[in-house]
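Chains, contacts and geometry: an overview
What follows is the residue order along each chain.
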Amino acid sequence: MFFWKKKPEEETQPQPAPSVPLEPENPEKKGFFSRLKDRLSKTKDSIITRVKEVIRLRGKVSEELLDEIEEILIQADVGVDTTMKIIDRIRKESRARGIEDSEPMIDLFKEVLLEIIQKNERLLEIGAARPYVIAVVGVNGTGKTTTIGKLAKHFLEQKLSVMMVAADTFRAAAVDQLEIWSERTGAQFAKQAMGADPASVCFDALNSAKSKNVDVVLIDTAGRLHTKVNLMAELQKVFRVIKKVIPDAPHEALIVLDATTGQNAISQMKIFSEAVPITGVVMTKLDGTAKGGILIAIRDLFDVPILKIGIGEQIDDLRDFNPSEFVDALFAE
Amino acid sequence: MFDNLGEKFERIFKKLKGESTISEKNIRDAMHEVKLALLEADVNFKVVKDFIQKVTEKAVGQEVLTSISPGQQIIKFVYDALVDVMGGKPKEFELHQSKINKVMLLGLQGSGKTTFAGKLAKYCLKKGWKPLLVACDVYRPAAINQLKVVGEQAGVPVFEKGQIKPLDIAREAIDFALHEGCNIMIVDTAGRLHINEVLMDELIGLKAFLKPEYAFLVADAMTGQDAVKSASAFDSQVGIDAVCLTKLDGDARGGAALSIRAVTGKPIVFSSIGEKLTDLEMFYPDRMASRILGMGDVVTLVEKAQETFDAKQAQEMQKKLMRQSFTFQDFLDQMKQVKKMGPLKDIMSMIPGVGRQLKDVDFDEAELGRVEAVILSMTPEEREHPEILTGSRRQRIAKGSGATLQDVNALIRQFEEAKKMMQRMMGATGLMGKLNPFSKKRKEEAKADHKFEKQQKKQQLKKKKKKRK
């Protein structure tokens, strides 16, 4: 949905000039809401705009209207189940309240959406434990390493000491990629050779972090398809070994989901959280083309809160997720 | 791969199983299910609509085959249409002998371009070409390093110039390729969103300069509804010649495959199916469609059935089942027909749903022969009227067929059970499995029976002895 038309965010630092900028280009920081709105206003294609159009065009609540809304939601990757849930809810409520006009209908739609995505939200904050360990997991190519780079910058700005751990010893040059991020942000960096056992990388890094009194440890794991049983077992081992050094770690286990992913995100979410205790979701690539309806489905089907959303390639574009602002931004004119 | 979509089709298949003819009604129901299944598989909404229309048109008014159920027939239509949408025949990756072939990779971030570059290089190397990898992703941190590592693993040279303009890199790369005698250049570019005009312009410029034989769109098989938008944007702005679908080793339902092909009309040439450099396959639309249909190859099953089953005979069989007069003789005939189709395990694995359950079950063809022997040892009257099978008759049959009494008993019991069940479902599926008394489980049951009988005999003997005393 929400075609925030903007430059790419993940992986690339896609300025046309090869000099890769770390600092955001926009000196004046806009509020979250205005930035979201900004992006939305650039598009005529967001689901909400289209739903609104349809509602205004039809003027009256009817089955055809609901069918059209259904189509729009499905085309935004909301998924059949969640779409049906939304439609049923709108049908029931609009009858119960005797809604016939477009304006109250839009309000109802907003309300129903909010109802689904608003639950147990919280912010990603560094707790009392030291070091505070955050492990980042997900399938290949969702933007784990980039997310870690951005998180590191964020925590460093809070005057916390940060260590990045390169536990992706599998993908070619993944360690290098993270190292570049550590150089840019000034975070400490722990690595071993490519192909090293990721669990042992974590073991050593956490011991070193303990002795150096590091505040935050960010662990970058290799992207793995959730269907690979052995790779998921490897991930479980990493988590077990982390606990050997710090029994209550990792304090956060974040799964990074790509908003352009379709219904498979549900499967990723399910299988990853069965393997390791996932505490939060980071949804990347919500800008640009992504319809991101999958965010609504993920909120509907899982209790794990969405902690960050990526809406652009700038460091500040990794934002806290706020359901009501989110829905408001969707409906903003 | 595509597991989930397969399961969906299985459910549809089950719903249709009870129907005897294709009607407008059951087609519509089935198509609704197909539609939902495809939508959940992330096939683009519009593509789904077209697809459904096509299949429905094709299915309605078709002659009903007697040898297979309407459900299977509809599945066949769905399959054909799926193959069609995905391009029909596999498309070869063709290179020219007498010049430097240029292959350019483009796509969204994280779709797997660099990994595919390595795989393609390895693939070409194996085919006797001399590939050169060219690092034009100058934006993502360590992307060049990644390509260098991948190139080293593949045993292919990598041309890089650090973070300068991609166009300049490409220009120098051509000279390098000429000098080194490379005959295929694989150019890795940075991932980008199709709405980023600056980066898209860069790509257009690069393509205009390279004039590649292949501009490959590298697309993630897990992509949702938006696959259509980005694919058609890349196609209309830059122009693509072929598609590589990546991460197909996951459980993504892979609707993107259908969508991209349907919208761009460009062939999917490769599927990338694993972490290793050798995990690259040609894309076979027909195989993909079979997989979509439930991991089982119903189509081959249907075709085999059409070949071997005498349509009239099958009709006869169906009538008998309806009248509840299915006999051992019929069973024997059916078994012979099934045998003609090939090894039992192969046939069973073609039936959706059975395939996966059968993974670790051993099928002993000889045991089917023993079932046959038991039935052949019955008199024609016994075969027609199993109810007259008394204890002494059963003993005779056991002796005659070389089976044990337990085997005979089990077969008769299961035959009756299966008959009841078949009347309920009336499909070919599951028939053989249920009727085979020699499967491992049945054997164990029989063993238990046997033990029980022995114990009883012992106890009786003891009692007799006691009485004598």
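Keep in mind it's a predicted model, so treat the numbers as computed, not measured. (Residues numbered from 1 in each chain as written. Chains lettered and ligands numbered in written order. Predicted model: local features only at pLDDT ≥ 70, side-chain atom pairs only at ≥ 80, totals over all residues. Heavy atoms only, no water.)

What follows covers the overall build of chain B. Scanning chain B from N- to C-terminus turns up 22 helices and eight strands. Out of the 469 residues in chain B, the part that is buried amounts to 55%. Partitioning the contacts of chain B with sequence separation of at least 6, the portion at a separation of at least 24 is 76%. Accessible surface computed for chain B: about 21,300 Å², of which carbon and sulfur atoms make up 50%. (Helix = DSSP H or I, 4+ residues; strand = E, 2+ residues; numbered from the N terminus. Buried < 20%, exposed > 50% of the residue type's maximum accessible area, 1.4 Å probe, protein only. Contact = heavy atoms within 4.5 Å. Areas by Shrake-Rupley, 256 points an atom, 1.4 Å probe, with all protein chains shown as cover.)

Glancing now at the confidence of the model for chain A. Residue and element names in this part refer to chain A. Taken residue by residue, chain A gives an average pLDDT of 81. The fraction at 70 or more is 82%. Across residues 1-30, where pLDDT falls below 50, the model places 129 contacts with residues more than four positions away in sequence or in other chains. Counting contacts from residues 40-44, a segment whose pLDDT is below 50, to residues more than four positions away or on other chains yields ten contacts. (pLDDT = per-residue confidence, 0-100.)

Residues and elements named next belong to chain B. Across the five residues that make up strand β7 (residues 268-272), a large majority, five, are buried. When strand β6 (residues 242-246) meets β7, the two strands line up parallel, connected through three bridges. Bridge pairing in β7 links Val 243 to Ile 268. Pairing of β7 with strand β8 (residues 280-282) involves three bridges; the strand directions are antiparallel. (Pairing = 2+ DSSP bridges.)

Before going further, it helps to spend a moment on the sheet that holds β7(B). All names here are of chain B. Spatial ordering of the open sheet is given by β3-β2-β4-β1-β5-β6-β7-β8, a layout of eight strands whose pairing is mixed. Looking at which strands have only one partner, the edges of the open sheet turn out to be β3 (158-159) and β8. Running over the sheet, helix α7 (residues 166-180) touches β1 (101-106), β2 (131-136), β3 and β4 (184-189) and is turned about 160° from β2. (Axes fitted to C-alpha atoms, helices over the stretch in contact; angles between N-to-C directions.)

Before going further, it helps to spend a moment on the packing of aromatic side chains. All names here are of chain B. Counted under the stated rule, the structure contains eleven aromatic pairs over all chains. Measuring from ring centre to ring centre gives 5.9 Å for Phe 93 and Phe 216, while their planes differ by 50°; the resulting arrangement is tilted. Linking Phe 93 in the loop between α4 (70-85) and β1 with Phe 216 in strand β5 (residues 214-220), this pair joins segments that are 123 residues apart in sequence. The exposure class of Phe 216 is buried, given its relative accessible area of 0%. Ring plane angle 65° and centroid distance 5.3 Å describe the contact between Phe 116 and Phe 216, whose orientation is recorded as edge-to-face. Linking Phe 116 in helix α5 (residues 113-126) with Phe 216 in strand β5, this pair joins segments that are 100 residues apart in sequence. With respect to burial, Phe 116 and Phe 216 carry one shared label: buried. Across from the ring centre of Phe 209, 5.2 Å away, lies the NZ or CZ of Arg 171, which sits over that ring. (Phe/Tyr/Trp six-rings, centres within 6.5 Å; stacked < 30°, edge-to-face > 60°. Lys NZ or Arg CZ within 6 Å of the ring centre and 35° of its normal.)

Moving on, we get to the sheet that holds strand β4 (residues 216-221) of chain A. Where strands meet in a sheet, backbone hydrogen bonds hold them as pairs that are either parallel or antiparallel. Residue and element names in this part refer to chain A. One open sheet holds the eight strands; their spatial order is β3-β2-β4-β1-β5-β6-β7-β8, and the pairing between them is mixed. The open sheet has two free edges, formed respectively by β3 (188-190) and β8 (318-320), since each of these has just one partner strand. For this sheet, the mean angle separating the axes of adjacent strands, direction not counted, is 25°. Direction of pairing for strand β1 (residues 132-137) relative to β4: parallel, over a ladder of five bridges. When the sheet's bridge partners are listed, Val 136 is paired in β4 with Asp 220. Those strands touched by helix α6 (residues 144-157) are β1, β2 (162-167), β4, β5 (252-258), β6 (280-284), β7 (306-310) and β8, and its axis lies near 170° from that of β4. Of the strands in this sheet, β1, β2, β3 and β4 touch helix α8 (residues 198-211), which is tilted by about 165° from β2.

This paragraph deals with unusual backbone geometry. Residue and element names in this part refer to chain A. In this chain, Arg 130 is followed by Pro 131 through a cis amide linkage whose omega measures -10°. Residue position: Pro 131 is located in the loop between α5 (102-117) and β1. Positive phi values are uncommon outside glycine, yet Lys 159 reaches one of about 65°. Positive phi outside glycine occurs at Asn 213, with the angle close to 55°.

Residues and elements named next belong to chain B. Counted at 1.5 Å a residue, the expected span for α5 with its 14 residues is 20 Å, and the 20 Å between its end C-alpha atoms agrees. Of all 14 residues making up α5, ten are buried, and the element is well covered by its neighbours. Among the residues making up α5, those that are buried are Lys 113, Thr 114, Phe 116, Ala 117, Gly 118, Lys 119, Leu 120, Ala 121, Tyr 123 and Cys 124. Just downstream of α5 lies Gly 128, where phi reads positive at about 95°. (Expected span 1.5 Å × (residues − 1).)

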